[in-house]
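# Residue-level structural notes
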Amino acid sequence: MGSGHTHPAPSAPPRVRRILVVTVVPLFVATVLAAALLWPRGGSPQTDGGADVPRHSGTVTRVVSEPCPSVPSVPEGTPRVGDGRCGTVDVRVDDGPTAGQQVRTPVPDGPGAPRVEVGDEVILVELADPTDPTTSNWNIAEHQRGTPMVWLAVIFAAAIVAFGRWRGLAALAGLAASFAILLTFVLPGISAGRSPLLVAVVGAALIMFVVLYLTHGVTAQTSVAVLGTLGSLVLTGVLATVATAATHLTGFGSEDATTLSMFQGDVDLHGLLLAGIIIGSLGVLDDVTVTQAATVTELANANPGLTRLQLYRAATRVGRAHIASTVNTIVLAYAGASLPLLLLLTADSRPIGQILTSEFLAQEIVRSAVATLGLIAAVPLTTGLAAVVTAAGRTAATASTDAPAPRPQPDRSEALAALSSPRTTGSDEPDRTRTAPPSQATDRWPKSNRSTDTAW
């Protein structure tokens, strides 16, 4: 969540704080009220996902490989279903009513089947025999990944706290709050039939308020980042609506969306596409807005003489460099998540124009373009707000403390006396201490305990 900026920002004057409170508090109240109205009640609707297959944890104790039986020859060009692994696996059940029992399963085979060895922790599924319900067949579904994922989470949290200290701990709390809002409001709300776009906008705003203020504190700088993020989110939503309508996207551009429509036919997949753009843009937007607000504050602290326009121009140059790298980050993130799709496209014999305008690829292009446009708009919006607030907060202090003191005027008679006094003593060296009256001679040099730094 944004860059860590531990330098405390100067307190904004009461007038600026009142303006920010009058602007931000009604937006927060409206977000909370909208979330209360859209909050799913009565639980998520039940879907026909098939029978609940019992799953148990187990540990592999023995693996026996056997030669696979010969099969009739298949026509050339027929894709292979598995890799020809045959044999049995003995597994000790670790939980449930059959804990401690040794069961025998076939060696997993087929596309994506796990490769097991002695000592591996696996997940077993128990399937009742349709011909004899009193007997069960056991199969290995996948590896058990709980322990390595827990260790990875511990290392992840420890690294963030060790580097960010209290700010890192606040960032972890913000991350937990984001997941809580997604799991308790956004996803159940969409599953309950609410408008995916409306739920995503309200959920993103709620995440923004909680995470930004929890991570960066309740300050004028954070309030500027909140306003910049909210304005950019609204613009992103408008652009996404226009772009998806202009390109006639339906939301059925992925296999996951098609599968979801089979289990929950009342879900608006077009709205779900817009909701995904909003949620995906939020993570990058708050990074840019927080960084721009902090950049303006740090520039004002480093050079109090900068005007609002100079602050805006200097911080915008930083924003341009940030955007240039972030655009590449967005594209590479989408490309990395869609590598199987991109590999599939390379084997497509259609012209490149037809491939780029197909539903599943046009959807990703629109998603990346809209997110980037919203990101670009966030820089001038947040930077302008931050420059206005920072300069306004500095005006009162500058007027009272930074005004230079009037320069003292020298006494004319003392100056004439200094010019007419003897310039030398009896020795060869000039007596510079007697070129002025004694009171002035002792005041020519600063005392040892006086600072020669310019007072600001």
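Residues numbered from 1 in each chain as written. Predicted model: local features only at pLDDT ≥ 70, side-chain atom pairs only at ≥ 80, totals over all residues. Heavy atoms only, no water.

## Let's talk about the overall build of the chain
What the chain contains, in helices and strands, is 12 helices and 5 strands. Residues classed as buried in the chain amount to 32% of the 456 residues present. Contacts in the chain between residues at least 24 apart in sequence constitute 69% of all its contacts with a sequence separation of at least 6. Surface exposure of the chain reaches about 27800 Å², of which carbon and sulfur atoms provide 63%. (Helix = DSSP H or I, 4+ residues; strand = E, 2+ residues; numbered from the N terminus. Buried < 20%, exposed > 50% of the residue type's maximum accessible area, 1.4 Å probe, protein only. Contact = heavy atoms within 4.5 Å. Areas by Shrake-Rupley, 256 points an atom, 1.4 Å probe, with all protein chains shown as cover.)

## A closer look at unusual backbone geometry
The backbone of Arg165 shows a phi angle near 55 degrees, a positive value even though the residue is not glycine. For Arg165, the location among the structural elements is in helix α2 (residues 146-191).

## A short note on the pairing of strand β3 (residues 102-106)
Side chains of β3 alternate between two faces, with Val103 and Thr105 buried and Gln102, Arg104 and Pro106 left unburied. Note that strand β2 (residues 86-93) and β3 share 5 bridges and pair antiparallel. Counterpart to Asp90 in the pairing with β3 is Arg104. (Pairing = 2+ DSSP bridges.)

## Looking at a positive patch on the surface
Taken together, the side chains of Arg15, Arg17, Arg18 and Arg308 present a region of like positive charge at the surface. By residue number, the principal contributor to the positive patch is helix α1 (residues 14-38), which donates 3 residues. (Patch = residues over 30% accessible without salt bridge, like charges linked within 9 Å, V, L, I, M, F, W, Y side chains within 5 Å. Salt bridge = Lys/Arg side-chain N within 4 Å of Asp/Glu carboxyl O. Lys, Arg positive; Asp, Glu negative; His and termini not counted. Charge placed at Lys NZ, Arg CZ, Asp CG, Glu CD.)

## A short note on the side chain of Thr31
Relative to the assigned elements, Thr31 resides in helix α1. Accessibility expressed as a relative area gives 9% for Thr31, which makes it buried.

## Looking at the confidence of the model for the chain
When the pLDDT values of the chain are averaged, the result is 78; 77% of them are 70 or greater. The model gives residues 1-6 a pLDDT under 50, and that stretch makes 15 contacts with residues more than four places away or in other chains. Here residues 425-429 is modelled with pLDDT under 50, and outside its nearest four sequence neighbours on either side it reaches 2 contacts, counting other chains as well. (pLDDT = per-residue confidence, 0-100.)

## Re the packing of aromatic side chains
Going through the model one piece at a time under the given rule, you end up with 2 aromatic pairs. Residues Phe28 and Phe209 carry aromatic rings whose centres are separated by 5.3 Å and whose planes lie at 75 degrees to one another, so their mutual orientation is edge-to-face. Separated by 181 residues along the polypeptide, Phe28 in helix α1 and Phe209 in helix α3 (residues 196-216) bring together distant segments of the chain. Given a relative accessible area of 3%, Phe209 falls into the buried group. (Phe/Tyr/Trp six-rings, centres within 6.5 Å; stacked < 30°, edge-to-face > 60°.)

## Comments concerning the sheet that holds strand β4 (residues 121-128)
Each strand in a sheet pairs with its neighbour through backbone hydrogen bonds, running either in the same direction (parallel) or in the opposite one (antiparallel). Here 5 strands make up an open sheet; going across it, the order is β3-β2-β1-β4-β5 and the pairing antiparallel. At either end of the open sheet lies a strand with only one pairing partner, and these are β3 and β5 (136-143). Adjacent strand axes in the sheet meet at a mean angle of 45 degrees, parallel and antiparallel pairs treated alike. (Axes fitted to C-alpha atoms, helices over the stretch in contact; angles between N-to-C directions.)

## Considerations on the pattern of salt bridges
A full pass over the atoms with the stated rule returns 6 salt bridges. Residues Asp90 and Arg62 are paired through a salt bridge, measuring 3.7 Å at the closest nitrogen-oxygen approach. A residue pair is termed long-range when its members are at least 10 positions apart, and Asp90 in strand β2 and Arg62 in strand β1 (residues 55-66) qualify at 28 residues. Residue Asp90 is classed as buried on the basis of its relative accessible area of 13%. In this structure Arg62 comes out as partly exposed when scored by relative accessible area, which is 44%. Put simply, Arg55, Glu142 and Arg145 are held in one network by salt bridges that share partners.

## Structural notes on the pairing of β2
The sheet contact formed by β1 and β2 spans 8 bridges and is antiparallel. Bridging from a neighbouring strand, Val64 pairs with Thr88 of β2.

## A closer look at the packing of α2 against α3
Between α2 and α3, the least distance of the axes is 9 Å, while the angle of their chain directions is 165 degrees. Relative to α3, the element α2 lies roughly antiparallel. Where α2 crosses over α3, the handedness of that crossing is right-handed. Of the residues belonging to the contact of α2 with α3, the class tally is 17 nonpolar, 6 polar and 1 charged. (Parallel < 35°, antiparallel > 145°, perpendicular 65-115°, else oblique. Left-handed = near helix turned anticlockwise from the far one by under 90°. Nonpolar A, V, L, I, M, F, W, Y, C, P; charged D, E, K, R; others polar.)

## Concerning helix α7 (residues 308-337)
End to end, α7 covers 42 Å across 30 residues, agreeing with the expected 44 Å (1.5 Å per residue, within 8%). Taken as a whole, α7 has its buried residues at Leu311, Ala314, Ala315, Thr316, Gly319, His322, Ile323, Thr326 and Ile330. (Expected span 1.5 Å × (residues − 1).)

## Focus on the nonpolar core
Counting 52 residues, the largest nonpolar core has Phe185 and Met208 as the members making the most contacts within it. Examining the composition of this core, we find that 12 residues originate from one element, α3, more than from any other. Setting aside anything within four residues of it in sequence, one finds Phe185 in contact with Ala35, Leu38, Trp39, Pro40, Ala180, Val199, Val202 and Gly203. Within the second largest apolar cluster, 11 residues are counted, among which are Val93, Val116, Val122 and Trp138. (Core = buried A, V, L, I, M, F, W, Y, C linked by side-chain atoms within 4.5 Å.)

## Considerations on α2
The terminal C-alpha atoms of α2 lie 27 Å apart, and with 46 residues this falls more than 12% below the ideal 68 Å at 1.5 Å per residue. Where α2 bends most, the angle comes to about 135 degrees, and this point is Gly164. The positive-phi residue at the C-terminal boundary of α2 is Gly193, with phi of around 100 degrees. (Bend = angle between axes of the 7 residues up to and from the residue.)

## Focus: a nonpolar patch on the surface
On the surface, Val21, Val25, Phe28, Val29, Val32 and Leu33 cluster together into a nonpolar patch covering about 490 Å² of accessible area. Relative to the helices and strands, Val29 is located in helix α1.

## Some remarks on the environment of Thr105
Following the sequence through the fold, Thr105 ends up in strand β3. The exposure class of Thr105 is buried, given its relative accessible area of 1%. As for Thr105 and Thr88, which are separated by 17 residues in sequence, their C-alpha atoms are 5.7 Å apart. Setting aside its immediate chain neighbours within four residues, Thr105 contacts Gly87, Thr88, Val89, Val91, Leu124, Trp138, Asn139 and Ile140.

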